[in-house]
Amino acid sequence: MFLSLLQQVNIEEKIKNAPDDQYQIGILIGSYLPLFVLIVLAYILYRYNKNRNKDQ
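Since the model is a prediction, treat every value here as computed from it, not as a measurement. (Residues numbered from 1 in each chain as written. Predicted model: local features only at pLDDT ≥ 70, side-chain atom pairs only at ≥ 80, totals over all residues. Heavy atoms only, no water.)

Participant: Looking at this structure, how should I read the overall build of the protein chain?
Facilitator: Counting its regular elements, the protein chain contains three helices and zero strands. When burial is assessed residue by residue, the protein chain has 4% of its 56 residues classed as buried. (Helix = DSSP H or I, 4+ residues; strand = E, 2+ residues; numbered from the N terminus. Buried < 20%, exposed > 50% of the residue type's maximum accessible area, 1.4 Å probe, protein only.)

Here it is as structure tokens:
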């Protein structure tokens, strides 16, 4: 979240100026992929720590 605040990328403007549909799809994937990766990483860490605490 902190990194997204630093980047300040205007996705809507990039999509509006995009030459074709493939470019628009690439922009959307590139925009949401880091968020998805962070969510998956947070879930993996949560499950790891939950299982580690249960074993003790």
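Participant: Looking at this structure, how should I read a nonpolar patch on the surface?
Facilitator: Taken together, the side chains of Ile25, Ile29, Leu33, Phe36, Val37, Val40, Tyr43, Ile44 and Tyr46 make up a nonpolar region of the molecular surface, amounting to roughly 910 Å² of accessible area. Relative to the helices and strands, phenylalanine 36 resides in helix α3 (residues 21–55). Using a relative accessible area of 52% as the deciding quantity, one classes phenylalanine 36 as exposed. (Patch = residues over 30% accessible without salt bridge, like charges linked within 9 Å, V, L, I, M, F, W, Y side chains within 5 Å. Areas by Shrake-Rupley, 256 points an atom, 1.4 Å probe, with all protein chains shown as cover. Salt bridge = Lys/Arg side-chain N within 4 Å of Asp/Glu carboxyl O.)

Participant: What should I look at first to understand the confidence of the model for the protein chain in this one?
Facilitator: When pLDDT drops low, the exact placement of atoms in the prediction is not to be read closely. Residues of the protein chain with pLDDT of at least 70 account for 80%, and the chain-wide mean is 78. Looking over the protein chain, one finds the lowest element-wise mean pLDDT in helix α1 (residues 2–7), namely 54, and the highest in α3, namely 87. (pLDDT = per-residue confidence, 0-100.)

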